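Analysis of the macromolecular model
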Amino acid sequence: MKESLKIEHLSKSFPVKNGTLQVLNDINLDIKKGEFISIVGHSGCGKSTLLKIIAGLVDYNEGSVKLDGAEIKHSDAICRMIFQNHNLLPWMTVEENISFGLYNVPNKEELVKRQIRLVHLDGFENAYPQELSGGMAQRAAIARALVRKPEVLLLDEPFGALDALTRIEMQREVRNIWDQERSTMLLVTHDIEEAIYLSTKIVVVSNRPATIKKVIYVNLPWPRRRDDIAFTRLKTEIFQLFFENESDAEIEYYI
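Residues numbered from 1 in each chain as written. Predicted model: local features only at pLDDT ≥ 70, side-chain atom pairs only at ≥ 80, totals over all residues. Heavy atoms only, no water.

So, on to the pairing of strand 9 (residues 201–205). Most of strand 9 sits out of view: 5 of its 5 residues are buried. Because side chains alternate across strand 9, one face comprises the buried residues K201, V203 and V205, and the other comprises I202 and V204, equally buried. Bridge analysis of strand 9 against strand 10 (residues 212–217) gives 5 bridges, and the strand direction is antiparallel. Across the sheet, the residue bridging to V203 is V215, located in strand 10. The hairpin turn running from strand 9 into strand 10, its antiparallel successor, is 6 residues long. (Buried < 20%, exposed > 50% of the residue type's maximum accessible area, 1.4 Å probe, protein only. Helix = DSSP H or I, 4+ residues; strand = E, 2+ residues; numbered from the N terminus. Pairing = 2+ DSSP bridges.)

Next up, the structure:
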């Protein structure tokens, strides 16, 4: 299978008052077309910076980021990013938000209708963002990103502002969308259960400056059960990577 995204020896630092702050250090990652990758790590370790670099929103100091062999140098339609806040335009309806920016695209109306059906917003085409629930607004944001047929969809804690039940519902929706579309998806999350539930592969990164501690393949059948023994074992394995100096009893406390 052809490589979709190849990251080699990627490092990133930001200038600060008394020098530089290194955020990423020698990141190497190969992502195949159609994989669902979750990146997990402590808050502030550089996960979101990595996603923004892949999106072409942030420059980097060393290394390379290539999509199908071509280096990513700026933001364009090949990588679309969804943030924790939906960022829908409040003066536009759901349909208008999804179609915004689609110029001279054949069958634009049908493309938009298909995405609305895909995210289960049928009947809300003419609703405004303020008339939607948080989960519905994020569905619209996902549809807006997918309608442009990006090669890579980047999700930066997209469910972080949702209540627990809506978050679980949205996880199921996103996994179903991935099953149908088979787009390459990269998710940044602090939620280890969420990563296991959604992903084909989990990338565990260290504290800042972020380096890759381990890449874990998730070979669990779908639909996945959070109370399944294999699911729980994988969760424990990831927690052990975060709390390497803790006892098994202390790790059980966090789980």
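Once that is clear, we can look at the environment of V147. Checked against the element boundaries, V147 lands in the loop between helix 4 (134–146) and strand 7 (152–156). The spatial distance from the C-alpha of V147 to the C-alpha of Q115 is 6.4 Å, given a sequence separation of 32 residues. Leaving out residues up to four positions away in the same chain, V147 has contacts with I98, L102, L111, V112 and Q115. (Contact = heavy atoms within 4.5 Å.)

Let's shift gears to the nonpolar core. Counting 50 residues, the largest nonpolar core has M185, I196, I202, V204 and I238 as the members making the most contacts within it. For this core, the element with the highest residue contribution is helix 4, accounting for 8 residues. Beyond its immediate sequence surroundings of up to four residues, M185 is in contact with E35, F36, I37, L153, L155, V174, I177 and W178. Counting residues in hydrophobic clusters, the runner-up holds 29 residues, among them I7, I27, L29 and V205. (Core = buried A, V, L, I, M, F, W, Y, C linked by side-chain atoms within 4.5 Å.)

Another aspect to go through is the sheet that holds strand 7. Strands sit in the order 6-7-8-3-9-10 across an open sheet of 6 strands; the sheet is mixed. Edge positions in the sheet fall to strand 6 (79–82) and strand 10, since each of these pairs with one other strand and no more. Averaged over all neighbouring strand pairs, the angle between strand axes comes to 15 degrees, with direction disregarded. (Axes fitted to C-alpha atoms, helices over the stretch in contact; angles between N-to-C directions.)

Once that is clear, we can look at the pattern of salt bridges. Taken as a whole and assessed by the stated rule, the structure comprises 18 salt bridges. Among the salt bridges present, the one from E35 reaches K201, with a minimum N-O distance of 3.3 Å. With E35 in the loop between strand 2 (19–32) and strand 3 (36–40) and K201 in strand 9, the pair connects residues that are 166 residues apart, well separated along the chain. Since its relative accessible area comes to 13%, E35 is described here as buried. Since its relative accessible area comes to 5%, K201 is described here as buried. (Salt bridge = Lys/Arg side-chain N within 4 Å of Asp/Glu carboxyl O.)

For helix 4, which comprises 13 residues, the first-to-last C-alpha distance of 19 Å matches the rise-based estimate of 18 Å (1.5 Å per residue) to within 8%. Judged by how many residues are buried, helix 4 sits mostly within the fold: 12 of 13 residues are covered. Among the residues of helix 4, G135, M136, A137, Q138, R139, A140, A141, I142, A143, R144, A145 and L146 are the ones counted as buried. Looking at the packing, one finds that the buried side of helix 4 touches strand 6, helix 2 (94–99), helix 3 (108–118), strand 7 and helix 5 (164–181). (Expected span 1.5 Å × (residues − 1).)

Assignment of secondary structure puts E194 in helix 6 (residues 192–198). Among the polar contacts made by the side chain of E194, one reaches the side chain of T189 at a distance of 2.7 Å. Residues in contact with E194, not counting those within four places in the same chain, are F159, R167, Q171, L187 and T189. (Polar contact = N/O pair within 3.5 Å; in protein donor to acceptor, adjacent residues only side chain to side chain.)

Structurally, S64 can be placed in strand 4 (residues 62–67). We classify S64 as buried; its relative accessible area is 11%. Apart from the residues lying within four places of it in its own chain, the contact partners of S64 are K6, I7, E8 and E71.

Let us look at a nonpolar patch on the surface. Judged by side-chain polarity, F14, V16 and L21 come together as a nonpolar surface patch covering roughly 210 Å² of accessible area. Mapped onto the secondary structure, L21 falls in strand 2. (Patch = residues over 30% accessible without salt bridge, like charges linked within 9 Å, V, L, I, M, F, W, Y side chains within 5 Å. Areas by Shrake-Rupley, 256 points an atom, 1.4 Å probe, with all protein chains shown as cover.)

The subject of this paragraph is the packing of aromatic side chains. A complete count under the given rule lists 2 aromatic pairs for this structure. Geometrically, the ring pair formed by F36 and W178 is edge-to-face, given 6.2 Å between the ring centres and 75 degrees between the ring planes. Remark: W178 occurs in helix 5 and F36 occurs in strand 3; sequence separation between them is 142 residues. Taking 5.0 Å as the distance between ring centres and 65 degrees as the angle between the ring planes, the aromatic pair formed by Y197 and W222 counts as edge-to-face. Placement of Y197 in helix 6 and of W222 in the loop between strand 10 and helix 7 (229–242) is noted, with a sequence separation of 25 residues between them. Cation over ring: R175 sits above W222, and NZ or CZ is 4.3 Å from the ring centre. If you follow R182 out to its NZ or CZ, it ends over the ring of W178, 3.9 Å from the centre. (Phe/Tyr/Trp six-rings, centres within 6.5 Å; stacked < 30°, edge-to-face > 60°. Lys NZ or Arg CZ within 6 Å of the ring centre and 35° of its normal.)

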